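Results of the structural survey
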Amino acid sequence: MNYTVNQIAEITNATAIGDGELMVKNIAFDSRIIYSTKNTAFIAINTHKNSGEKFIESAIDRGITVIISEHQYSQFENITWIIVENSVEFIQKLAKFHFENSHLKSVGITGSNGKTILKEWLYQCLWNEFPTVKSPKSFNSQIGLPLSLLQINNSHELGIFEVGISNPDEMEKLENIFHPQIGLLTHMGTAHLANFKSEEELIDEKIKLFKNSEVIIYDGDNSLTDQKIKELYSERKLISYGLKNHNNVFYENNISKNEDVVVHYFDEKISFPVHQRDEATLINALALITVLKEVGVKNQKIVEKINALKAVEMRLEAIEGIKNNIVINDSFNLDLDSLKTALQFLNEYKKPKKSLVLTDIVGVNSNSKELYEEVSELVNEQKFDHVFLIGDEISKFSELFKAKTFTFINTQELIESKHLIEIENQIILLKGARKFEIEKLKDILELRKHDTVLEINLNAILHNINYHKSLLKPETKMMAMVKANSYGLGSYEISEFLQHHHIDYLGVAFVDEGVELRKKGITVPIVVMNPEQHSYQTVIEYNLEPEIYSFRVLELFYEAVQKSGYDKKYPVHVKLETGMHRLGFKEYELDQLNQTLENKNLKVQSIFSHLSSSDIPEEKEFTLNQLQTFEKNSSYLIEKLGYTPIRHILNSSGITSYTGHQYDMVRIGIGMLGESPNAEIQKQLRSVVSFKTVISQISIVEDGESVGYSRRFKTDHKTKIATIPVGYADGIPRLIGNQIGNVGINKTLAPIVGSICMDMMMINVDHIPNVKEGDMVTVFNAKPSLKEFAAYCKTITYEVLTSISPRVKRIYVKD
């Protein structure tokens, strides 16, 4: 996009206030991840759950001078405003105008599964055939799609855009904005079905996108989809694809055999090798071929392009590095969109110093000078301390980069220079095209180099938090429990992410945990649930907020406050005993508590209690009694205090089962990690943690021979045994050895055999085809799940996670 403020106001029937000739080329909607302020406007998007207008000040502080908002705020000087009636409708109206005044051929992709993969595959195949624009990441919603369409410029000839919906009646609005010439419907599954009455209603809603499409390509294996599309769009050009041979496009030969596949495309045949033969990949390949044929790509070129397809990596990963560095590894692909995404991710970390490794951008049809001028502008706004450029092309433009800049022909030359290993206390972003193999730099820079890793998906945490928030009133605050090293996942990394996403409070068990977070730059309020008496001065020194659960603790902490010279009322959190009989003031102590608090330099910031059995339906009566006790006692204490502190009692299972008792705040713990005792709730949550390793060695053990210490397992036939480098020192309990527990290989469970060793264990892989050394092994994630693994261990998921050893490398990913 390239409009003046006045033009935008005219297009959208908005009101411009200020300098109407300012140029706007980008619109930012999240003040936390603004990667460039040049020609950028910030839009304050208001929804029923949140108001973007409270982040206007943050955007202005970052240097934004054009604000799009439903209200003007006069306290901000020298700001140009675009005042709109409805922020979401504004962005949709602008995107509609922009799309309809472009002259590109468009492909619109919708469905339940495979949208992003197919979009990326199509882009890989078509970027060098046509100047092509695509949706960044998974931008496909009521806001994401308009932002994607606004990326179209005059040079683009082809646009590939995802379109997604979560609720009925949304697709009609999106089709009004974007009406693709070629419509592609991917596999229809259970994803997004939660808000629809039936699969039929979901299909009806999805295919509204094709109202004005000339060509509709769809998965014809689904009989309901086939019926609906033929009924509604019989006059259009319809092309069905799928594994069944009634489709227009299908596999002619046996796809399970290890030979080239033959695709029957109407009367034509296309043959090519396939290395990955899972059903989803095979169906997606048929959809890809069909679209390529429809835009005019010849058969021979299709085969070449399929053979050249690269894996679609939709993630960034953050790893603890040597010399107290954080390494952000995004060495999977490189284009302008993914560079912007990586720079946004970088802004989530608060380390003051940062360095960048950046390679040539490969496979872009554009003028090199213009391309690298734009790249350098983006990079310069981040104020890197060091920039390391790899590649002939980007090195020619090194003078455009303002940081201390080094150039190298290839990655090996950078490694040999030893510049990177001299960096300390920084964030190091590795961003490169796959051909430069800069993942080698990750291997050098990471602190722990084990094959066994605990992978934590940050976006899944955010999804789970947002799901729980969707059950609450907009004004209800949320405290995230990050005690015990965030349940074993990494206290600072999780807290930094939560702070970035505006969590209201963090909760830790002990003072040391809070101090560590403060030292690393966490500024959000932190409640210490079990402050020990020797630590009270440290609590005050690091601005932590203690739980007060007894008169002894109250008096000792008050003495510490007085000694410290603290001249304001110090915030404390009062715990009430309501039935768990662990910690807290009892009903008969409330009058004395109020009297003790009088005239003390303390402020009761919150009153809270803890539910002991909210996850057990059979204990509903007991839980309701706890809630009744809390209501009675907290109300009495508030009346005596003469002011109203925050109240909170619900934990993760309480949020989902007793939502009506949310009070002013809730506390989320295991729920944000994707675990719920309620099977229906569990379906709405995403798995966060994946514990993985690899096969070190495979041995053939003869009939009657033994495996492991004490000969606890003996074979009854010639058996294939794999050894994996994870043991009880990594957090795997010995009790699940000898065929009690399982791990997953190629989506198949493999039993643990023999005794679990300190650093290794053995598994039976006799029944797993094509298994080989180096294959990935899942200790827990999907198969087995964390819950299933906890069941092997005869314990709860909390204990499993907190038992994982610090020596296991943590990797933080955003997919």
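Residues numbered from 1 in each chain as written. Predicted model: local features only at pLDDT ≥ 70, side-chain atom pairs only at ≥ 80, totals over all residues. Heavy atoms only, no water.

1. Observations concerning the pattern of salt bridges
- Counting across every chain of the model gives 33 salt bridges.
- Among the ionic pairs, Glu675 bridges to Lys787, the shortest N-O distance being 3.1 Å. A residue pair is termed long-range when its members are at least 10 positions apart, and Glu675 in the loop between strand S31 (665–668) and helix H25 (679–684) and Lys787 in helix H26 (residues 786–792) qualify at 112 residues.
- The exposure class of Lys787 is partly exposed, given its relative accessible area of 38%.
- Between Lys683 and Glu680 there is a salt bridge; the shortest N-O distance is 3.2 Å. In this pair, Lys683 and Glu680 are both assigned in helix H25, three residues apart and thus about one turn of the helix distant. For the pair shown, Lys683 and Glu680 are each scored as exposed. (Salt bridge = Lys/Arg side-chain N within 4 Å of Asp/Glu carboxyl O. Helix = DSSP H or I, 4+ residues; strand = E, 2+ residues; numbered from the N terminus. Buried < 20%, exposed > 50% of the residue type's maximum accessible area, 1.4 Å probe, protein only.)

2. With respect to a negative patch on the surface
- There is a patch of like negative charges on the surface, built from Glu702, Asp703, Glu705 and Asp716.
- Counting through the fold element by element, Glu705 comes out in the loop between strand S33 (697–701) and strand S34 (706–707).
- The class of Glu705 is partly exposed, set by a relative accessible area of 41%. (Patch = residues over 30% accessible without salt bridge, like charges linked within 9 Å, V, L, I, M, F, W, Y side chains within 5 Å. Areas by Shrake-Rupley, 256 points an atom, 1.4 Å probe, with all protein chains shown as cover. Lys, Arg positive; Asp, Glu negative; His and termini not counted. Charge placed at Lys NZ, Arg CZ, Asp CG, Glu CD.)

3. A closer look at the environment of Ile143
- The topology assignment puts Ile143 in the loop between strand S9 (132–134) and helix H5 (144–149).
- When the C-alpha atoms of Ile143 and Asn333 are compared, they prove to be 25 Å apart, with 190 residues separating the residues in sequence.
- When neighbours within four sequence positions are excluded, Ile143 is seen to be in contact with Ile45 and Val88. (Contact = heavy atoms within 4.5 Å.)

4. What to know about unusual backbone geometry
- Of the consecutive residues Lys783 and Pro784, the connecting peptide bond is found in the cis state with omega at 0°.
- Tracing the backbone shows Pro784 in the loop between strand S40 (776–780) and H26.
- Phi is positive for Asn543, close to 55°, though the residue is something other than glycine.
- Within the secondary structure layout, Asn543 lies in the loop between helix H20 (536–541) and strand S27 (545–548).
- Phi at Gln739 is positive, roughly 75°, even though this residue is not glycine.
- Judged by its relative accessible area of 49%, Gln739 is partly exposed.

5. As for the pairing of strand S15 (residues 261–265)
- Buried residues dominate S15, accounting for five of its five residues.
- Along S15, one buried face is formed by Val261, Val263 and Tyr265 and the opposite face, lined by Val262 and His264, is buried too.
- As defined by bridge partners, strand S14 (residues 249–251) adjoins S15 across three bridges and the pair is classed as antiparallel. If you follow Phe250 over to S15, its bridge partner there is His264.
- Bridge analysis of S15 against strand S16 (residues 268–272) gives five bridges, and the strand direction is antiparallel. Opposite Val263, over in S16, you have Ile270 as the bridge partner. (Pairing = 2+ DSSP bridges.)

6. Focus: the sheet that holds strand S5 (residues 40–43)
- Reading across the sheet, the five strands line up as S2-S7-S6-S5-S4 and stay open at both edges, with mixed pairing between neighbours. On the outer flanks of this sheet lie strand S2 (15–17) and strand S4 (26–28), each paired with one strand and no other. If you compare each strand with its neighbour and ignore which way they point, the axes differ by 25° on average.
- Relative to the sheet, helix H1 (residues 5–12) contacts S2, strand S6 (66–69) and strand S7 (80–83), its axis offset from that of S2 by approximately 160°.
- Lying on the sheet, helix H3 (residues 87–100) is in contact with S4, S5, S6 and S7; it crosses S5 at an angle near 140°. (Axes fitted to C-alpha atoms, helices over the stretch in contact; angles between N-to-C directions.)

7. A closer look at the layout of surface pockets
- Approximately 880 Å³ is the volume found for the second largest pocket.
- Lining the second largest pocket are 37 residues, with Lys483, Tyr487, His610, Asn651 and Tyr798 sitting closest to its centre.
- In terms of residue class, the lining of the second largest pocket is made up of 16 nonpolar, 13 polar and eight charged. (1 Å grid on protein atoms, 1.4 Å probe; cavity = no way out; pocket = protein on both sides within 12 Å on 5 of 7 lines; lining within 4 Å. Points joined across faces, edges and corners; volume = space filled by probe spheres on them. Nonpolar A, V, L, I, M, F, W, Y, C, P; charged D, E, K, R; others polar.)

8. Details of the packing of aromatic side chains
- Taken as a whole, this structure holds 17 aromatic pairs when the rule is applied.
- Between Phe99 and Phe178, the aromatic rings sit 5.1 Å apart at their centres with planes inclined by 70°, giving edge-to-face as the arrangement. On the criterion of sequence distance, the pair formed by Phe99 in helix H3 and Phe178 in the loop between helix H6 (170–177) and strand S11 (182–185) is long-range, its members being 79 residues apart.
- Members of the aromatic cluster, joined through ring pairs, are Tyr536, Phe557, Tyr566 and Tyr570.
- Taking the ring centre of Phe384 as reference, the NZ or CZ of Lys354 above it sits at 5.9 Å.
- The ring of Tyr558 has Lys600 sitting right over it, with the charged end atom 4.8 Å from the ring centre. (Phe/Tyr/Trp six-rings, centres within 6.5 Å; stacked < 30°, edge-to-face > 60°. Lys NZ or Arg CZ within 6 Å of the ring centre and 35° of its normal.)

9. A few points about the pairing of strand S29 (residues 602–608)
- Taken across its seven residues, S29 has six buried, putting it largely inside the fold.
- In terms of strand pairing, strand S28 (residues 570–575) meets S29 through six bridges, oriented parallel. Paired with Val574 across the strands is Ile607, a residue of S29.
- With helix H22 (residues 590–597) bridging S28 and its parallel neighbour S29, the resulting β-α-β unit is right-handed.
- Strand direction decides the pairing type here: S29 and strand S30 (residues 646–648), joined by three bridges, are parallel. Its bridge partner being in S30, Ser606 is matched across the sheet by Ile646.
- Tracing the backbone out of S29, into helix H23 (residues 620–641) and back to the parallel element S30 gives a crossover that is right-handed. (Right-handed = clockwise from strand over helix to strand, strands pointing away.)

10. Focus: the packing of helix H11 (residues 336–346) against helix H12 (residues 368–380)
- Two numbers describe how H11 lies on H12: the axes approach to 11 Å, and their chain directions differ by 5°. With respect to H12, the axis of H11 lies roughly parallel. Residues Leu336, Leu339, Lys340 and Leu343 of H11 pack against Leu371, Glu374, Val375 and Leu378 of H12.
- Of the residues that constitute the contact of H11 with H12, the class distribution is six nonpolar, no polar and two charged. (Parallel < 35°, antiparallel > 145°, perpendicular 65-115°, else oblique.)

All quantities given are derived from atomic positions and should not be read as evidence of function.
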